[in-house]
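Here is how the chains run, residue by residue.
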Amino acid sequence: MVAEIYYDDDADLALIQSKKVAIIGYGSQGHAHALNLRDSGVDVVVGLREGSKSVAKAEEQGLKVASVADAVREADVVMILTPDQAQRHVWAKEIEPNIKPDAAIFFSHGFNIHFGYIKPAAGHDICMVAPKGPGHTVRRQFEEGRGVPVLVCVEQDASGQAWDLAVSYAKAIGGTRAGAIKTTFREETETDLFGEQSVLCGGVSQLIQYGFETLTEAGYQPEMAYFEVCHELKLIVDLINEGGLTKQRWSCSDTAEYGDYISGPRVIGPEVKEHMQDVLADIQSGAFAKRFIDDQDAGAPEFLRLRAEHQAHPIEKTGQEIRKMFAWNAAVDSDYVEGEAGR
């Protein structure tokens with residue numbers, strides 16, 4: 001099945017320009033959406049909780065800021081960009097009691113809608129516009145006249161214009177410059193969680209740690225192990241990003257390519273795929289979502305324990321020292337402090 005993709009010519013920017021949009025949250029995605037919408041001629045207000053450190057950041061950018069409740073009251077479109085675990089609380093306390101009966105509700109991830117943690121009334125359009133890149137990239141590409149691909153989907157079309165509105169919003173943040181791919185809340189949510197857990201975050205992190213442990217336990221220096229199983233990974237990923245697995249294999253040595261073919265299946269065997277299928281089943285059934293939300297509601301004891309355990313892994317200490325050698329590595333996140341867990 002070929003994906004349906006919308007581009008600039010398929011979207012009417014005037015539609016979102018005729019709406020008042022409330023952006024709830026001003027993190028990575030929130031700041032990019034708000035600024036790109038504003039620069040596209042959209043009337044935007046940022047809704048933030050009282051005392052939020054983001055108030056000053058948004059105001060410094062010339063954006064209007066209000067409490068979440070006040071931002072929602074006048075909005076025709078409400079984009080909820082707070083963390084997954086917080087959204088249902090913000091919805092219940094601040095958004096649902098104040099939202100207009102016919103206001104459209106937008107998300108950039110389907111977690112809360114798909115798993116039923118947020119259940120809007122029948123009169124609302126429920127849409128998603130999900131950039132396939134971090135907010136800083138979304139903003140930077142927009143300013144440079146380009147865009148980051150986005151996913152667009154509609155869970156509930158109360159107005160009969162939900163698709164047109166979603167694509168118009170996508171255009172306003174630059175998504176249709178690259179392409180807006182039509183999907184569903186279910187597909188976006190389940191594939192996103194699966195990719196994060198089995199490959200992009202969980203799978204890659206565990207593979208790196210096991211590789212590091214295998215080399216250091218065999219007596220090799222941790223610095224050498226770090227270079228070979230972690231540092232050089234970026235080179236490989238960049239090549240894959242440029243031209244797929246084929247270009248990555250074309251670019252490396254014949255020795256590396258041959259080792260890829262004969263040893264890759266020994267490390268990542270059929271049993272790994274079976275485990276991936278188990279992970280997917282937990283996502284599809286809602287078991288993962290329930291475990292995550294239950295833990296968050298309890299104060300996140302499992303989440304915090306696991307974070308601390310992984311941050312204490314020897315590869316992290318080695319990496320901190322090795323990275324000091326890379327003069328070209330500039331700090332890109334001013335609020336990140338290496339060696340400190342959490343956000």
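Structure first, text after, so check above.
Only a predicted model underlies this, so the values are computations on that prediction, with no experimental measurement involved.

Describing the packing of helix H12 (residues 222-231) against helix H18 (residues 314-323)
In step 1: Across the interface, H12 lies against H18 with an axial gap of 10 Å and an inter-helix angle of 85 degrees. In terms of their interaxial angle, H12 and H18 are classed as roughly perpendicular. Across the interface between the two elements, Pro222, Glu223, Tyr226, Phe227 and Cys230 of H12 pack against Ile315, Thr318, Gly319, Ile322 and Arg323 of H18.
In step 2: For the contact of H12 with H18, the class distribution of residues is 6 nonpolar, 2 polar and 2 charged.

Comments concerning the nonpolar core
In step 1: Counting 35 residues, the largest nonpolar core has Ile16, Ile23, Leu37, Phe106, Val129 and Tyr169 as its most contacted members.
In step 2: The leading source of residues in this core is helix H8 (residues 162-172), at 7 residues.
In step 3: Contacts of valine 129, omitting those with residues within four sequence positions, involve His33, Met79, Phe106, Phe107, Ser108, Val150, Leu151, Val152, Ala166, Tyr169, Ala170 and Ile173.
In step 4: By size, the runner-up hydrophobic cluster in this structure holds 24 residues, among which are Val72, Val78, Ile99 and Ile118.

So, the layout of surface pockets
In step 1: Each pocket or cavity is described by its volume, and for the second largest pocket that value is around 170 Å³.
In step 2: Forming the boundary of the second largest pocket are Leu15, Lys19, Asp76, Val77, Lys100, Asp102, Ala103, Ala104, Asp125, Ser159, Gln161 and Leu165.
In step 3: For the lining of the second largest pocket, a count of residues per class yields 5 nonpolar, 2 polar and 5 charged.

Describing the pairing of strand S5 (residues 77-80)
In step 1: Every second residue of S5 is oriented toward a common face, with Val77 and Met79 on one face and Val78 and Ile80 on the other, all of them buried.
In step 2: With 4 bridges joining them, strand S2 (residues 20-24) and S5 adopt parallel strand pairing. By the bridge assignment, isoleucine 23 is partnered in S5 with methionine 79.
In step 3: Relative to strand S6 (residues 104-107), S5 runs parallel, the two being bridged by 4 bridges. Pairing of valine 78 across the sheet is with isoleucine 105, part of S6.

Re a negative patch on the surface
In step 1: Taken together, the side chains of Glu271, Glu274, Asp278 and Asp282 present a region of like negative charge at the surface.
In step 2: Topologically, aspartate 282 is positioned in helix H15 (residues 270-285).
In step 3: Taking the relative accessible area as the measure of exposure, aspartate 282 reaches 41% and is therefore partly exposed.

Re the environment of lysine 19
In step 1: With respect to the element layout, lysine 19 can be found in the loop between helix H1 (13-17) and S2.
In step 2: The partly exposed category is assigned to lysine 19, whose relative accessible area is 25%.
In step 3: Sequence separation between lysine 19 and valine 77 is 58 residues; the distance between their C-alpha atoms is 6.9 Å.
In step 4: The residues contacting lysine 19, other than those within four sequence positions of it, are Val42, Asp43, Asp76, Val77 and Leu165.

Here's the deal with unusual backbone geometry
In step 1: The residue alanine 300 is not glycine, and still its phi comes out positive at about 65 degrees.
In step 2: Residue placement: alanine 300 occurs in the loop between helix H16 (287-297) and helix H17 (301-311).
In step 3: On the basis of relative accessible area, alanine 300 is assigned to the buried category, the value being 8%.

A word on the pattern of salt bridges
Charged atoms that come close allow side chains of opposite charge to pair.
In step 1: According to the stated counting rule, one finds 19 salt bridges in the structure shown.
In step 2: Here lysine 247 and glutamate 242 are joined by a salt bridge, their closest N and O atoms 2.9 Å apart.
In step 3: Through salt bridges with shared partners, one network takes in Arg38, Asp39, Arg139 and Glu143.

Re helix H14 (residues 254-267)
In step 1: Given a rise of 1.5 Å per residue, 14 residues ought to cover 20 Å, and the 19 Å separating the end C-alpha atoms of H14 matches this to within 8%.
In step 2: For H14, the principal kink sits at tyrosine 261 and spans about 35 degrees; a proline, proline 265, occurs within the next four residues.

Observations regarding a nonpolar patch on the surface
In step 1: Judged by side-chain polarity, Leu207, Val267 and Ile268 come together as a nonpolar surface patch covering roughly 270 Å² of accessible area.
In step 2: Turning to its location among the elements, valine 267 is positioned in helix H14.

Focus: helix H5 (residues 84-95)
In step 1: For H5, the complete set of buried residues consists of Asp84, Gln87, Arg88, Val90, Trp91 and Ile95. Along the long axis of H5, the arc covered by the buried residues comes to 165 degrees, so they all point the same way.
In step 2: Buried positions along H5 lie against S2, helix H4 (68-73), S5, S6, helix H6 (111-114) and H16.

Rules of the game
Residues numbered from 1 in each chain as written. Predicted model: local features only at pLDDT ≥ 70, side-chain atom pairs only at ≥ 80, totals over all residues. Heavy atoms only, no water. Axes fitted to C-alpha atoms, helices over the stretch in contact; angles between N-to-C directions. Helix = DSSP H or I, 4+ residues; strand = E, 2+ residues; numbered from the N terminus. Parallel < 35°, antiparallel > 145°, perpendicular 65-115°, else oblique. Contact = heavy atoms within 4.5 Å. Nonpolar A, V, L, I, M, F, W, Y, C, P; charged D, E, K, R; others polar. Core = buried A, V, L, I, M, F, W, Y, C linked by side-chain atoms within 4.5 Å. Buried < 20%, exposed > 50% of the residue type's maximum accessible area, 1.4 Å probe, protein only. 1 Å grid on protein atoms, 1.4 Å probe; cavity = no way out; pocket = protein on both sides within 12 Å on 5 of 7 lines; lining within 4 Å. Points joined across faces, edges and corners; volume = space filled by probe spheres on them. Pairing = 2+ DSSP bridges. Patch = residues over 30% accessible without salt bridge, like charges linked within 9 Å, V, L, I, M, F, W, Y side chains within 5 Å. Areas by Shrake-Rupley, 256 points an atom, 1.4 Å probe, with all protein chains shown as cover. Salt bridge = Lys/Arg side-chain N within 4 Å of Asp/Glu carboxyl O. Lys, Arg positive; Asp, Glu negative; His and termini not counted. Charge placed at Lys NZ, Arg CZ, Asp CG, Glu CD. Expected span 1.5 Å × (residues − 1). Bend = angle between axes of the 7 residues up to and from the residue. Arc of directions from axis to C-beta.

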